[in-house]
Amino acid sequence: MNIDKRLQDAAAATNAELQHEPIPTPRRSSRPSGFASAFGVAALVVGMVATAVLITGEETSPATSLPPATQPTVTPSPSSIPPSTIAPPPTTTPTEYVAPYYQSWSLEYPSTWYRADSRFFPNHGGESTVFATFALDFDTEGDYCAHVPPNTFDDLGQTDAVISIQLGGTPGPERPSEGFNDTTFPVLPVEWIQFQCAVQSEVEAHVGSWMIDGHPVRLLVLFGDQVTDERRTETWQIVSSLRTEPVTPHPGRGTCIATRPPTPGLTPPERWPATPSIAPESLWYGTADLWTVLPVNGRYEERKSVWWSQNFTDAGIESFPDIDVTLRRTDRDASPIVGDGGTNASTAKDGLFMIANAPAQLTRGCWSITGTYKGATLNYVVDVP
Amino acid sequence: MVSILATGEVGRVEELPVVRVVGDYDAFYRDEYRSVLGLAIVLSGDRSAAEDITQEAFAAAYRDWNRIGALDQPGSWVRRVVSNKSVSRWRHLRSEAKALVRLKPDAARSIAPPDADAQAIWDEVRKLPKRQAQVIALTYLHDLTRAEVAAILECGEETVKTHLDRARQTLANRLGSGSDA
């Protein structure tokens, strides 16, 4: 049975069950802020206890404003908490963090904060890193809102804070000379972020683009609705420590040699044109099994990750081609960006091709880009100014 | 819809087109409740949470009924709110479950809709990216056209088609069914 029929059957079964559903009296007003279902309350308490454990190293009482849970509570005793979830006692020495990815930035943060281990790729292809004071894991799957997974908003405790940092994007105003604070950083209307991000809790969200050391930086700062003045101050101090260059330059810096396509360029199979039209003053580069388009002068041009192959000729059969692209920084230590899969595309002049799931906009530096499709591999280097 | 995802800038929520006549809230509630509840159940995977989300959405519509009731399709507004909150609820439950398992391994609860076959399908739908799950639920459960789904989710019809194709392909792979997408 095909998936369309199975979905129709599942929908029919669900709708049939709903026909017998009694319609309750409509609720005319919203429940008080902070209300959750019985299970939600219990879980929220657990989350808050865990948060407190991780922040302070000792268990504290849950918020007293929450209604009592009617289901058996799952709040753990201190002894039931696995030792691995308890953070070491905080120290007063700030930790310097240098982004290990392709972005070049660093900052200092107290050890009472933690950095998300996972990397996030919002819609615009850039990578963001999140610092937070709360304990629950980030959900890295699926959708994002304001650069972070939606559950980040929902899991935010009342006294917690989150900072999301991302280089690139729309240039904004220069960083204030006296650093960031509540008065210089725009605040989103709470109704807006609750609606757009389906946030259920009270969150104070600051979002904006700024110029820091000449680089555009996107910043998101979240506060729970009972955050202390001390934590606010601490949060803005962390943001103010942001620098857009690592402290120690990589030895490979300044030695980038971008790939230039040989002249004449590759002549692809007959169904494709001898020279590309998709980009001016560019040539085909690669082999008939896998090729791309590169500027003749080797200068970096921002574009989507586009690839052609004589083995990719039918988008109907292969709507989402299995093209994998890996991007590595060669001028600094950094984790590679691995793009998995792609989609089909075509133009009248350049024929059928693939667009890989990889960032279209790269940050400054030397990049080695490797594409793999049906056993064929192609590599080239770009120097992003 | 203006989004900070694309630009990093703060936008405004666009108003939906308004007509003059404000409909009867009680009739609207009676006509739409079961259908909207079904959407919440499918997308949240949690019966009690779905009832709560549905009631919250209708209560929000009631509070602003002079505006919502004057919309061409007030049901679309409620479905948008419910589909967003339900997906968030599902992710929140998964997050809670992870925390509970970490703190007390037997404390996580199961989510069990009544129909087993439908459950298997909807379980996989909930694992899809948010937009894909919403598109599948609205298309199949409510039998809506691409244009209608696009209006609810405030996106283009082509975007709906892309999400639908990808979701069908993923579901076919995971459930071992053929895809005619």
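As the structure is a prediction and not an experimental result, all values here were calculated from the model. (Residues numbered from 1 in each chain as written. Chains lettered and ligands numbered in written order. Predicted model: local features only at pLDDT ≥ 70, side-chain atom pairs only at ≥ 80, totals over all residues. Heavy atoms only, no water.)

Peer 1: Could you clarify how one ought to interpret the confidence of the model for chain B in this entry?
Peer 2: Regions with low pLDDT should not have their predicted coordinates read in detail. All names here are of chain B. Per-residue pLDDT for chain B has a mean of 72; in total, 70% of the residues score no lower than 70. Within chain B, the element-level pLDDT minimum falls on helix α1 (residues 4–7), averaging 26, and the maximum on helix α2 (residues 25–44), averaging 91. The low-confidence segment residues 1–21 (pLDDT under 50) makes 56 contacts with residues lying over four places distant or belonging to another chain. Taken together, the chains of this predicted complex give a pTM of 0.38 and an interface ipTM of 0.76. (pLDDT = per-residue confidence, 0-100. Helix = DSSP H or I, 4+ residues; strand = E, 2+ residues; numbered from the N terminus. Contact = heavy atoms within 4.5 Å.)

Peer 1: Explain the state of the cysteines here, please?
Peer 2: One covalent bond between the sulfur atoms of two cysteine residues makes up a disulfide. Residues and elements named next belong to chain A. Inspection of every chain in the model, using the stated rule, returns one disulfide over all chains. In this model C256 forms its disulfide with C366; the gap between the sulfur atoms is 2.0 Å. Every disulfide takes its handedness from the sign of the S-S torsion; for C256 and C366 that torsion is 75 degrees, giving right-handed. One end of the pair, C256, is in the loop between α5 (229–240) and β8 (282–287); the other, C366, is in strand β15 (residues 365–373), with 110 residues separating them in the sequence. We classify C366 as buried; its relative accessible area is 5%. (Disulfide = S-S within 2.5 Å. Buried < 20%, exposed > 50% of the residue type's maximum accessible area, 1.4 Å probe, protein only.)

Peer 1: What am I meant to see in the packing of aromatic side chains here?
Peer 2: In this description, a pair of aromatic rings is defined by centroid distance and the angle of the planes. Tallied over the full model, the rule gives 20 aromatic pairs over all chains. Measuring from ring centre to ring centre gives 6.4 Å for B:Y25 and B:F28, while their planes differ by 50 degrees; the resulting arrangement is tilted. Here B:Y25 and its partner B:F28 are both found in helix α2, three residues apart, which amounts to about one turn of the helix. Accessibility expressed as a relative area gives 9% for B:F28, which makes it buried. These aromatic residues form a ring-pair network of at least three members: B:Y25, B:F28, B:Y29, B:Y33, B:F58, B:Y62 and B:W65. One residue, A:R232, lies across the ring of A:F223, its end atom 4.7 Å from the ring centre. Geometry around A:W272 places A:R271 over its ring, the cationic atom sitting 5.1 Å from the centre. (Phe/Tyr/Trp six-rings, centres within 6.5 Å; stacked < 30°, edge-to-face > 60°. Lys NZ or Arg CZ within 6 Å of the ring centre and 35° of its normal.)

Peer 1: Explain the sheet that holds strand β10 (residues 306–307) of chain A to me, please; I cannot follow it from the model alone.
Peer 2: Through backbone hydrogen bonds, the strands of a sheet pair up, either in parallel or in antiparallel fashion. Residue and element names in this part refer to chain A. Strand order in the open sheet formed by three strands is β10-β14-β13, with antiparallel pairing between adjacent strands. Whereas interior strands pair on both sides, the edge strands pair on one side only; in this sheet they are β10 and β13 (342–347). Sheet topology places β10 next to strand β14 (residues 351–356); two bridges connect them, and they run antiparallel. Paired with W307 across the bridge in β14 is M354. (Pairing = 2+ DSSP bridges.)

Peer 1: Even after reading the chapter, I still don't get the pattern of salt bridges, so can you show me in this structure?
Peer 2: For side chains of opposite charge, pairing can occur when their charged atoms come near one another. Counted according to the given criterion, the structure contains twelve salt bridges over all chains. The residue B:K127 makes a salt bridge to B:E124 at a minimum N-O spacing of 3.3 Å. Of this pair, B:K127 and B:E124 are both found in helix α6 (residues 116–127), three residues apart, which corresponds to roughly one turn of the helix. Judged by relative accessible area, B:K127 falls into the partly exposed class, the value being 44%. Residue class for B:E124 comes out buried when judged on its relative accessible area of 15%. A network of salt bridges, in which partner residues are shared, links A:E21, B:R47 and B:E51. (Salt bridge = Lys/Arg side-chain N within 4 Å of Asp/Glu carboxyl O.)

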